[in-house]
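Coordinate analysis (summary)
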Amino acid sequence: MERVLLVGSKERLEEVLETIRELRVLHLEEFTGTEKGKPLEGSEEISEKLISLRSVLSRLSEEIRQVYSELNPIHKITEEEIEKKEKEILNIISRLQSLLEERDKTKSTLNDKKSEINLLRILESLDIRLDVFHEYETIDYKVGVTQTELNEEMLKSELNSDEFEIFTGFHDGKNILAIFYRKELSKSVERLLDRFGFSELEEIYKITKKYRSGHPSEIINSLEMELHEIKENASRLEAEILSILKENLFRILAYEEYLKAKSIVKEAPLWVGVTKETFLLEGWVPSDSIDSLSSLKDIFFTKIEEDENSEPPTLLENPQLIKPFEALVNSYSVPRYHEIDPSSLIFVTFPLFYGLMLGDVGYGMLLLILTSSGILKSFLEKLGFGSSSRVISKILLVSSVWTIIFGYVYNEFFGFEILRNILPYPSFLPVHRLGKEGIKELFLITVTIGIAHLYLGLIMGFRNKAIEEGLRKAIHEKGGWLLILTGMTVLVYGLILPMVTGSQGISGSMELFVLLIISGSFLLVSGGLGIEIVEIPSILSNILSYTRLMAIGISSAVIAVSFNEMGIGSILSGNEILGGLILLSGHSINLALGIIGPGLHSLRLQYVEFFTKFYLGGGRRFSPFGLERKYTIPRR
């Protein structure tokens, strides 16, 4: 990455910015040390158009998604064509805006009518005309819901009066009551109704004021006819919106991209230094792209030496297969410029750990189908995951392959150990996760994986530290922790594993463990890192944390076997339907848990155990000035 300074005539600033926008090689930095430029002419108008257009597009997001999936391939439009037909495109957008406003009003009216019908059905259950709901001088009334059904005799005895009239009904599982009474009985009636859990329906009074006569059923019939007409109008509006989008979607999206391209150029001078006659533009360019700036004629540019405070942006260049795992790294923190990008390592270790835990050929095949077909992606989108749905789906696609591989290793197909009867197996397989010997083997395997993972992290940390702060600092800090990790490894293989597996421990392991821990501690203290000694026990905790790869997997296998036993047991006893339902629902639940659990725990091992050994993050992503053209072709 090279830091560059571009200097040229202020009159050519817009032209230069447009060229750089299309090159997409310059990470623009805010210029300091001189007066900043101002937005170029037309900036405000373009900004207003863009905001207005995006408002329309955001309100049409569902319709756009529906239409977009039907329109393939993408049709690109030249900027010249957009400018030629801008008025026509603006008329289309204006028409969509009008339709959206009409649709919103229609939806509001529709909801109001539905609400009125629901309230009138409550009054309909009372079999009462609306004419009675007038304002009286001596009579008051209440309408509401009671927890207990009331009758006239009960009220007479409670009120010691017969100067009232009640109407009762039943609607939507609730007791409805309307009571008319002389105003002097108001306090007595309110106390009585409180005792019976009366809840007043305030909305009813709006209906009785709006519709002052007739029977509720008559008004309901009239409203339902109106409702039918409103629904037809809503369908007409929706059909017209979809029709416009089908004919013009790519033109609208191209126009948005065109405005965005213009806007970023018009606003860019706010980051550019200016003098009376010249502009000064500063930024970062990848070393292999520096020659592309030669296309800027009559513009002077020079490389600027990096200083201690300059932090170049990080350009992550990973193959498409690894890109989804790059997202996992970035969600933690963007790597700094001189740090190793761990995306390639996560591409290996995340799905490996995932497969180790889920490890079932049946579940793996189902997961492979769900991810490769796009079903899981669509489901995640409906849950609100948005653009992350595609990333998650691709990560789980790779993980499903490892799940199938370890399912073969464990001889498991939806919890049934039947693969060995069908497929060839070497003598050292399968590893039975629910058997005593299998658990011992898994304990050894997961601990070994954990130690290797931690060594890799510390070695990478050594490299990062040596580059950033020098070899001496790396030896004291990361070298010290490597010795401590080696000491913990001796402890695990010499004492802990023998206790679990029943094998004989390594002779002299305790003495070697103590020596390595002291040596590592000495390096930390002599490097001014004595405070870190308190974290030594955490290394053992880190190692043992990898045994979750075994524990989560065993729990998944136990659940699968349990549902199999219940389901097969029901089938053998003659309850085929019940048995089938148990197997189907049980494995569906277990698969859902299997998708979520291994993902979270695998991610935890990356972030907590692995990244803390080498990764600081806090970098800035290389973000080239410009935009990726998807719908437009720039002016030649």
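Residue positions are given per chain, counted from 1 along the sequence in the order it is written. Owing to the predicted nature of the model, reporting of local features is limited to residues with pLDDT of at least 70; listing and counting of side-chain atom pairs is limited to 80 or more, with chain, interface and lining totals taken over all residues. Working from all heavy atoms in the structure, the side-chain values ignore hydrogens and water.

**Some remarks on the overall build of the protein chain**
Helix numbering and strand numbering both begin at the N terminus, where a helix is a DSSP run of H or I of at least 4 residues and a strand a DSSP run of E of at least 2. Each helix and strand counted, the protein chain has 20 helices and 11 strands in total. Its C-alpha atoms give the protein chain a radius of gyration of 36 Å, clearly above 26 Å, the size a compact globule of 636 residues would have. Seen through its principal axes, the protein chain has C-alpha atoms that stretch 100 × 85 × 55 Å. Each residue's exposure class comes from its accessible area (1.4 Å probe, protein chains only) as a fraction of the maximum for that residue type: buried when under 20%, exposed when over 50%, partly exposed otherwise. Looking at the protein chain residue by residue over its 636 residues, the buried ones come to 47%. For this analysis, residues touch if any pair of their heavy atoms sits within 4.5 Å. In the protein chain, once contacts between residues fewer than 6 apart in sequence are set aside, the share between residues at least 24 apart is 81%. Using a 1.4 Å probe, accessible areas were evaluated by the Shrake-Rupley method; residue-level cover was limited to the displayed protein chains. Split by element, the accessible area of the protein chain, about 33000 Å² in all, is 57% carbon and sulfur. Taking the average place of the 69 positive charges on the side chains of the protein chain and the average place of its 88 negative ones, the gap between the two points comes to 3 Å. Both definitions apply: the radius of gyration is a C-alpha atom measure, and the globule rule equals 2.2 Å times residues to the power 0.38. For the purpose of charge, His is not counted, nor are the chain termini; Lys and Arg are scored as positive and Asp and Glu as negative. For this purpose, a charge sits on NZ of Lys, CZ of Arg, CG of Asp or CD of Glu.

**A closer look at unusual backbone geometry**
Glycine aside, the phi torsion of most residues is negative, and most peptide linkages are trans. Residue proline 430 is reached from leucine 429 by a cis peptide bond, and omega for that bond is 5°. As for its placement among the helices and strands, proline 430 is situated in the loop between α14 (388-410) and α15 (436-469). Phi is positive for arginine 24, close to 55°, though the residue is something other than glycine. The residue arginine 24 is located in the loop between α1 (13-23) and β2 (27-29) in this model. Residues other than glycine seldom take positive phi values, yet aspartate 172 does so here, at roughly 55°. Looking at the secondary structure, you find aspartate 172 in the loop between β5 (164-171) and β6 (174-182).

**Some thoughts on the nonpolar core**
To form a nonpolar core, buried Ala, Val, Leu, Ile, Met, Phe, Trp, Tyr and Cys residues must be joined to one another through side-chain atoms within 4.5 Å. Membership of the largest hydrophobic core comes to 42 residues, with the highest contact counts inside it found for Phe353, Met488, Ile543 and Leu549. Among the elements that make up this core, the one with the highest residue count is helix α16 (residues 471-501) (10 residues). Ignoring anything within four residues of it in the chain, the contact list for leucine 549 reads Phe353, Leu356, Met357, Thr446, Ile449 and Leu605. Within the second largest apolar cluster, 30 residues are counted, among which are Leu53, Leu245, Leu249 and Tyr631.

**Some words on the pattern of salt bridges**
The term salt bridge refers to a side-chain nitrogen of Lys or Arg lying within 4 Å of a carboxyl oxygen of Asp or Glu. Per the counting criterion, the structure on display carries 41 salt bridges. Notably, a salt bridge pairs glutamate 14 with lysine 266, separated by 3.0 Å at the nearest N-O pair. Separated by 252 residues along the polypeptide, glutamate 14 in helix α1 and lysine 266 in helix α9 (residues 216-267) bring together distant segments of the chain. Judged by its relative accessible area of 9%, lysine 266 falls in the buried class. The partner of lysine 142 in a salt bridge is glutamate 200, and the shortest N-O contact between them spans 3.7 Å. Residue lysine 142 is located in strand β4 (residues 139-146), and its partner glutamate 200 is located in strand β7 (residues 199-200); the two are separated by 58 residues in the primary sequence. The structure contains a network of salt bridges with shared partners spanning Arg21, Glu22, Glu79, Glu83, Arg629 and Arg635.

**What about the packing of helix α10 (residues 323-332) against α14?**
Axes here mean lines fitted to C-alpha atoms, for a helix over just the part in contact, with angles spanning 0 to 180 degrees between N-to-C directions. Contact geometry of α10 with α14 gives a least axis separation of 8 Å together with a crossing angle of 115°. Between α10 and α14, the interaxial angle falls into the category roughly perpendicular. Relative to α14, the crossing made by α10 is left-handed. Contacts between α10 and α14 involve Pro324, Phe325, Ala327 and Leu328 from the first element and Val391, Lys394, Ile395 and Val398 from the second. Angle categories: roughly parallel below 35 degrees, roughly antiparallel above 145, roughly perpendicular from 65 to 115, and oblique for all the rest. By definition, any crossing whose near helix is turned counterclockwise from its far helix by less than a right angle is left-handed, and any crossing with a clockwise turn is right-handed.

**Comments concerning the domain arrangement of the protein chain**
We note that the domain assignment places domain 1 (1-37 + 272-313) and domain 2 (130-213) within the protein chain. Placing a centre on the C-alpha atoms of domain 1 and another on those of domain 2 gives a separation of 79 Å. Each domain's limits were defined by an automated method or a database of domain assignments.

**A few points about the packing of helix α11 (residues 343-358) against α15**
Viewed as axis vectors pointing N to C, α11 and α15 meet at an angle of 165°, and their least axial separation amounts to 13 Å. Regarding the angle of α11 to α15, the classification is roughly antiparallel. Two packed elements cross with a definite hand, and for α11 against α15 that hand is left-handed. Together, Leu345, Thr349, Phe353 and Leu356 of α11 and Leu442, Ile449, His453, Leu456 and Met460 of α15 make up the contact between the two elements. The class makeup of the residues in the contact of α11 with α15 is 7 nonpolar, 2 polar and no charged. Any residue that is not Ala, Val, Leu, Ile, Met, Phe, Trp, Tyr, Cys, Pro, Asp, Glu, Lys or Arg is counted as polar, Gly included; the first ten are nonpolar and the last four charged.

**Considering the pairing of strand β1 (residues 2-9)**
Strands qualify as paired when DSSP identifies two bridges or more between them. Across 8 bridges, the pairing between β1 and strand β9 (residues 278-285) is antiparallel. Within β9, the position partnered with glutamate 2 by the bridge is valine 285. Bridge count between β1 and strand β10 (residues 300-304): 5 bridges; the pairing is antiparallel. Opposite leucine 5, over in β10, you have threonine 302 as the bridge partner.

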